[in-house]
Amino acid sequence: MIKYSVQTHIFLTDGLLDHPHFSPIKKLVFICKQASGIAQIGVMDEQGIVSQWNLIEMQSHLVTDYDVNMNLGGKFKMTMVYTDNLMSYPNVIGINEFDDLTQSIEMEFDPEESQIFYFTTSEGLFKVDKREQSDKPTKMDTIGLNSPTALSMSDKGFLLTAYSCGSIW
């Protein structure tokens with residue numbers, strides 16, 4: 001097992017002019033590591049911006065730091081896969097512009113298909129599939145259950161959802 005110790009920052013997403021986060025990140029999730037060696041992480045900030053990144057470990061003998069937009073001595077490169085603003089769907093997920101979505105939201109990414117993620121609000125459980133033509137959130141059928149309170153995704157893609165009524169689905 002290899003252990004890394006961070007002595008200085010090795011990459012800043014704010015260095016990518018098209019993809020800065022202007023708000024503190026509330027959730028950072030390791031999604032999976034592919035056989036190719038590329039790891040995937042998911043992020044949600046305070047403004048409800050969800051993004052997914054590929055994290056690639058670079059071989060120092062193949063490229064220079066300048067070529068891949070990394071800080072000197074950096075080993076990792078981050079590339080954006082997608083980004084989505086959950087606040088742009090107020091009618092779908094039942095929120096208004098004054099709700100603090102990130103205080104009550106739970107979010108999980110599907111490790112088997114990273115283009116899919118699930119999230120909860122007080123209105124219910126939602127699924128977003130970025131592979132679909134219309135990648136708006138789809139409300140999952142949870143008739144008879146109260147508000148979702150917690151999510152947990154297994155490494156095999158099974159989603160467990162806990163509800164305020166005490167049920168687990």
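Position numbers for residues count from 1 along each chain, tracking the sequence in the order it is written. The predicted nature of this model means local features are confined to residues of pLDDT at least 70 and side-chain atom pairs, given and counted, to a pLDDT of 80 or more, with totals for whole chains, interfaces and linings taken over all residues. Heavy atoms throughout the structure, all of them, feed into the side-chain values; hydrogens and water do not.

Enquirer: Outline the pattern of salt bridges, listing residues and values.
Expert: Just to be clear on terms, a salt bridge is a Lys or Arg side-chain nitrogen sitting within 4 Å of an Asp or Glu carboxyl oxygen. On inspection of all chains with the given rule, the structure shows 4 salt bridges. Between E46 and K26 there is a salt bridge, with its nearest N and O atoms 4.0 Å apart. A residue pair is termed long-range when its members are at least 10 positions apart, and E46 in the loop between strand 2 (39-45) and strand 3 (49-57) and K26 in strand 1 (residues 25-33) qualify at 20 residues. Ionic pairing is found between R131 and E113, a salt bridge with its closest N-O pair at 3.6 Å. In this pair, R131 sits in the loop between strand 7 (124-129) and strand 8 (138-139) while E113 sits in the loop between strand 5 (106-109) and strand 6 (116-121), placing the two residues 18 residues apart along the sequence. Helical segments are the DSSP runs of H or I of at least four residues, strand segments are the runs of E of at least two, and each set is numbered from the N terminus.

Enquirer: Can you break down the side chain of D45 residue by residue, with the values?
Expert: Within the element layout of this structure, D45 appears in strand 2. Using a 1.4 Å probe on the protein chains alone, a residue whose accessible area is under 20% of its type maximum counts as buried, one over 50% counts as exposed, and one in between counts as partly exposed. By the counting rule applied here, Lys and Arg register as positive and Asp and Glu as negative, while His and the ends of each chain are not counted. The side chain of D45 sits in the buried core without any salt bridge; K26 is the nearest counter-charge, 10 Å away. Polar contact is the term for a pair of N or O atoms within 3.5 Å; when the atoms are in protein, one must be able to donate a hydrogen and the other to accept it, and sequence-neighboring residues count only if both atoms are side-chain atoms. A polar atom in the side chain of D45 sits 3.0 Å from the backbone nitrogen of Q47.

Enquirer: Tell me about the sheet that holds strand 4 (residues 76-85), and name the residues and values.
Expert: Between any two strands, pairing holds if DSSP finds at least two bridges. Reading across the sheet, the 4 strands line up as 1-2-3-4 and stay open at both edges, with antiparallel pairing between neighbours. Here the strands that pair on one side only, and so sit at the sheet edges, are strand 1 and strand 4. Neighbour-to-neighbour, the strand axes of the sheet open up by a mean angle of 20 degrees, direction not taken into account. Summarising the sheet, strand 1 and strand 2 pair through 7 bridges and their orientation is antiparallel. Bridge pairing in strand 2 places K33 opposite A39. Inter-axis angles, ranging from 0 to 180 degrees, are taken between N-to-C directions of lines fitted to C-alpha atoms, where helices are fitted over the stretch in contact.

Enquirer: I'd like to hear about the sheet that holds strand 7, residue by residue, with values.
Expert: Spatial strand order, 5-6-7-8: 4 strands in an open sheet with antiparallel pairing. Pairing within the sheet leaves two strands with one partner each, and these edge strands are strand 5 and strand 8. Here 6 bridges tie strand 6 to strand 7, and the two strands are oriented antiparallel to one another. From the neighbouring strand, T121 faces strand 7, where its bridge partner is G124.

Enquirer: Give me the nonpolar core: which residues, what numbers.
Expert: In these notes, a set of buried Ala, Val, Leu, Ile, Met, Phe, Trp, Tyr and Cys residues joined through side-chain atoms within 4.5 Å is what counts as a nonpolar core. Counting 15 residues, the largest nonpolar core has M44, V50, L86, M107, F109, F117 and F119 as the members making the most contacts within it. Only strand 1, strand 5, strand 6 and strand 7 provide two or more residues apiece to this core. No other element matches strand 1, which puts 3 residues into this core. Only heavy atoms matter for contacts: two residues are in contact if any of them lie within 4.5 Å across the pair. Look past the residues within four positions of F109 in its chain and what remains in contact with it is V29, I31, G42, V43, V50, S51, Y82, S114, I116, F117 and M153.

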